[in-house]
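Here is what each chain is made of, one letter per residue.
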Amino acid sequence: MKKITLLFLVAYSQLLFAQKYFQQEVNYKIDVRLNDKDHALHAFETFEYTNNSPNELLELYIHIWPNAYKNNNTALAKQLTENKELAFYYSKPEERGFIDSLDFKVNGAKVAWEYDAKNIDICKIILPSPLVPGGKITVSTPFYVKIPSGEFSRLGHIEQQYQITQWYPKPAVYDARGWNAMPYLDQGEFYSEFGSFDVSITLPENYVLGATGDLQNAEEIEWLTKKAKETEAKTEFDVKDNKFPESSSKTKTLHFIQSNVHDFAWFCDKRYHVLKGEVELPQSKRKVTTWAMFTNQYAKLWKKSLPYLHDATYYYSLWNGDYPYNHITAVDGALSAGGGMEYPNITVIGGVGDDFSLETVIMHEAGHNWFYGILGSNEREYAWMDEGINSLNELRYIQTKYPDKKLVGNFATKKLAKTLDINNYFQRSQYYLMYLFNARKNEDQACQIHSADYTNFNYGAIVYSKTATLFYYLKEYLGEEKFDSIMHQYFETWKFKHPQPEDIREVFEKETGKELSWFFNDLIGTTKKLDYKIIKAGVNKKGDNYLVIKNTQKVRGPFSVSGFKDGKRTASMWFEGFNGKQEFAFVPGEFDKYVIDYSEDMPEFNRKNNNYNAKKLFKKVEPIRFQFLSSIENGNRTQVCFTPVVGWNNYDKTMLGLAFYNTSIPQKKFEYLLMPMFSLNTKDINGIYNIAYNIFPQTNIKKNAVQRFTASLSVKKFNEEFSSDILNNKIYNSFIKIQPKIEIESKKKFARSTKKEIITIRNVSIIRGNRPNIEMPSLIVSDSSYNYLVNEIKYRFSNQKPINPYSFEFNFQIGLLKSFAKVFTEFNYKISYPKSKKGTNIRLFAGKFISPSANPYFGFAMSGNTDYLYDYTLLARSRDAAWLQNNQVINNDGAFKNITTNTPSTNWLTALNLSIDIPKVPLAVYADLGLSSTSNKAMVYNTGVAVKIIPNVFEVYFPAVMSSNLNMLSYGEKIRIALHINAANPFNLLKNASL
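About the cut-offs
Residues numbered from 1 in each chain as written. Predicted model: local features only at pLDDT ≥ 70, side-chain atom pairs only at ≥ 80, totals over all residues. Heavy atoms only, no water. Buried < 20%, exposed > 50% of the residue type's maximum accessible area, 1.4 Å probe, protein only. Helix = DSSP H or I, 4+ residues; strand = E, 2+ residues; numbered from the N terminus. Pairing = 2+ DSSP bridges. Axes fitted to C-alpha atoms, helices over the stretch in contact; angles between N-to-C directions. Parallel < 35°, antiparallel > 145°, perpendicular 65-115°, else oblique. Left-handed = near helix turned anticlockwise from the far one by under 90°. Contact = heavy atoms within 4.5 Å. Nonpolar A, V, L, I, M, F, W, Y, C, P; charged D, E, K, R; others polar. Phe/Tyr/Trp six-rings, centres within 6.5 Å; stacked < 30°, edge-to-face > 60°. Lys NZ or Arg CZ within 6 Å of the ring centre and 35° of its normal. Expected span 1.5 Å × (residues − 1). Bend = angle between axes of the 7 residues up to and from the residue.

J.: I would appreciate a short explanation of the pairing of strand 11 (residues 161-164) in the present structure.
T.: Looking down a regular strand, the side chains alternate between one sheet face and the other. Neither face of strand 11 is left uncovered, since the one carrying Q161 and Q163 and the one carrying Y162 and I164 both have all their residues buried. Two elements, strand 10 (residues 156-158) and strand 11, share three bridges in a ladder whose sense is antiparallel. Paired with I158 across the strands is Q161, a residue of strand 11. Where strand 10 folds back on strand 11, the antiparallel hairpin that results is connected by two residues, among which E159 adopts a positive phi of roughly 55°.

Structure below.
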């Protein structure tokens, strides 16, 4: 029994030891030489690796990230392509990069090593003997880096400007979860071991170089200081002079050392101007040197850059903890991976357009010295811990320095901004709106997922904006003083370490004494939404103020309520969160209005239900505001947007109207468009009228296959032709289209998928009539023989991948009154051209009548009077306007580009359409081929040249060769135009207004 107890205690103590935090240590010595003719690095690296884990290590995983630029099969290449950034995919071999000449030795003895089976930018060293807990080894290797073009990602060069990042063999992090070996990615950053760096860089003497670490060369510091004084005195910079001077025949070797960092980067350019400054830290009063290095191109902006570095260093130190290093540097670089990129002690900034943009990017990237640098979380797995919390500090920085800064900058001070109802949105609103944009459609993603799993938009909207919004909310709930105290505690506990999500949560819960699962589990860990609604408010029988609040979502986060009297806020309270509906006591006082989250500190999913007007008849309805064009959704107003519209067709001629709608940012569930239009010719009231209700199911993807369900009803009325009666009165024939429709969009299997599936079910009712233009101006006489109904179900699958996209459609229609049944299918494929939006487009069509009728029919070249569902935007629809009616392309059925005299088919038809774009000019060569039940088994065809005035919108087709059975018209009659104005979206005003 004692032996069993002893064994249990030993096992339990080992378990506790295994769960205890540990951190490996890597200390580097690197000698590297830049070859600026071949754009290459020749280097030798030695690092000492200390195993502080409780486990024996049999191998070391090494990141050799320059190999990410080697070919199109790397994780980087695939991600760039998925993000539609195709410069690398189509790049030349000489523009790419790699690392080779590796020859690993451990403690001086050569060892076996191998590339990772999946990722060539990861390798594994097989240790000759196990590295025991507490043991150390020395690993060395020469290496050669071919520097890729700087157009692709972070490592690269633009001519002789160099950004040397993720450039050396680096051990992956080994932590309690095991090895964190990861390929290099553009979206998704890094996780590296802390240690020290001793780096010597040899390069031509006239380069200005900024790097991680403290520069040890006194003469170089003196030279940089002298250049800084020259730059300070300089008032004019020649923006056009950006030529690289010849490289000096002499070289210099610059020596840098730094401890307590997990990466080393350097940047150099022979054209750099230099600025030098100093900032005093708020806690220790220690002084830190600041450097800025930049070219002529943005010199006017960069001349003001030192205060940005000073303020960033000061405020981040104030809110989190003092900066522990001796210098902080920002360089102007040809960066392709975002606006800026951070490294220990140094940041590189891409092109910017104004002072404020430069300041915010410098401040954000410098701030990463805390969130990524000092607090070395796993950015690839938990990007919110660095980008998100860093964005909170960015938000606070802007709010502290520029409290009146508007969302749209100086534009908001102008009268137009007030007209558009955007003058009251402050800069921090952008973080909330970015998050809400996809959240309203339930296309958002949780903060705590792998970086590579985000859509391109969500990586910014969720990782940066949503996380910043959430932590700002937490700060306001806890109070700024308490929040800052917690962040200081987190900083001191975890600086120079690898905190995990549970670690920051532990600090917050310990320091507040609160259980914060609503925050870390729900808001950070899921896509659950936060939304409270005021059901009732006022004074009860006892004379006490009360609130009845409903939680309409699933997050029981805290919420604030403000009380107003005569338009002034006189009280505010925070309440703890709950589920369901609950009554709360409010502070004593007289109030006529209550508002949830008046200061907009919460990530409220719907602010339209946050107001309660206790003294008004309609207590939950806000005043109506007629809003020109559109705006951002305002929870304090019922916005009715409007805009003038102009339309034209051959019968109504010019039409003038007003469109009323509620479209705004973000998307609403209920949308409407009312667009009456007055015809100056027929004196009719025409127009388009639509309502739609969107449902975005919020259930788990495994339980629900639907992303969007939209039910809509649309009505449109216009005139379509004219003729004369026996008295030669001009008769105008009109149509009314009534269309109830359901659209069901399936949920993607994974968020980054380019595949989309939509099922559309609709009923189209066409009512046609006529009336004399003058004698009976208000009467439409309908002849039921011209009326008909069509039921349609359509399935559409598309894969909008950036290389060779394709789509497939299957359609089934049944006509009532005009009796018919038909099926047809269409397949589209685009062969993409390198570095171009152009390509060769292939279309296949096949259609068959199950129950044929004389009309509708299949045709090779469809024209105005064949649009029996009135889906297309046409200038003319009948033969009384022959050229307009016949010569406007309808891209359906055979989709021939030129008008034909071939007999329509009431049985079957097949067609192949090719369009070959000509690079660098707005031209394409096209060819159409087809067979039908009426073509006597003979292939019909036409070919020609398309002039793409506005590609895919306005194009003109000139025929060249046509089969004899089509070639029966004059050349002018064969020329056709395409006016692809999509009227399918009832809320796209610019497109609909041209009907």
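J.: Sorry, what's going on with the packing of helix 5 (residues 305-320) against helix 6 (residues 355-367) here?
T.: The geometry of a pair of packed helices is captured by two quantities: the angle between their axes and the separation between those axes. It is at 9 Å that the axes of helix 5 and helix 6 come closest, and there the two elements cross at 40°. In terms of axis orientation, helix 5 runs oblique to helix 6. Here the hand of the crossing between helix 5 and helix 6 comes out right-handed. Of the residues in helix 6, those in contact with S305, Y308, L309, A312 and Y316 of helix 5 are D355, L358, E359, I362, M363, H364, A366 and G367. Split into classes, the residues belonging to the contact of helix 5 with helix 6 amount to eight nonpolar, three polar and two charged.

J.: Even after reading the chapter, I still don't get the packing of aromatic side chains, so can you show me in this structure?
T.: Each aromatic ring pair is characterised by the separation of its centres together with the angle its planes make. Evaluated as defined, the whole model comprises 74 aromatic pairs. For the ring pair Y325 and F496, a centre distance of 6.4 Å and an interplane angle of 55° mean the geometry is tilted. Taken together, the residues span a long stretch of sequence, with Y325 in the loop between helix 5 and strand 22 (327-332) and F496 in the loop between helix 11 (480-494) and helix 12 (501-512) at a distance of 171 residues. Assigned by exposure class, Y325 and F496 land together as buried. An aromatic cluster is present here, built from W384, F471, Y473, Y477, F483, F508, W518, F519, F520 and W574 joined pairwise through their rings. In this arrangement the basic side chain of R96 is found over the ring face of F88, its NZ or CZ atom lying 4.5 Å from the centre. Positioned over the ring face of F244 is R271, at 3.8 Å from the centre of the ring.

J.: Would you explain the sheet that holds strand 12 (residues 170-171) in this entry?
T.: Strand-to-strand pairing in sheets goes through backbone hydrogen bonds, with the strands running parallel or antiparallel. One open sheet holds the four strands; their spatial order is 7-8-3-12, and the pairing between them is antiparallel. With partners counted over all chains shown, the strands left at the sheet margins are strand 7 (113-115) and strand 12, one partner each.

J.: Looking at this structure, I do not really get the environment of T138. What am I missing?
T.: Mapping T138 onto the fold places it in strand 9 (residues 136-146). By relative accessible area, which is 33% here, T138 ends up partly exposed. Expressed as a C-alpha distance, the spacing of T138 and T50, which sit 88 residues apart in the sequence, is 9.0 Å. Among residues more than four places away in sequence, those in contact with T138 are T46, F47, E48, K105, V106 and N107.

J.: So what exactly am I meant to see when it comes to helix 10 (residues 456-478) here?
T.: Residues three or four positions apart in an α-helix share a direction because the helix packs 3.6 residues into each turn. Spanning 23 residues, helix 10 covers 33 Å between terminal C-alpha atoms, matching the ideal 33 Å at 1.5 Å per step. Along helix 10, the largest kink reaches about 30° and is centred on I462. In terms of burial, helix 10 is largely enclosed, as 18 of its 23 residues are buried. Immediately downstream of helix 10, the backbone of G479 shows phi near 100°, a positive value.

J.: When you look at unusual backbone geometry in this model, what are you seeing that I'm missing?
T.: Following I665, the chain continues into P666 via a peptide bond in cis, with omega recorded as 0°. Relative to the helices and strands, P666 is located in the loop between strand 34 (653-661) and strand 35 (670-679). The phi dihedral of E159 is positive, around 55°, even though this residue is not glycine. Tracing the backbone shows E159 in the loop between strand 10 and strand 11.

The analysis is restricted to geometry; functional conclusions fall outside its scope.
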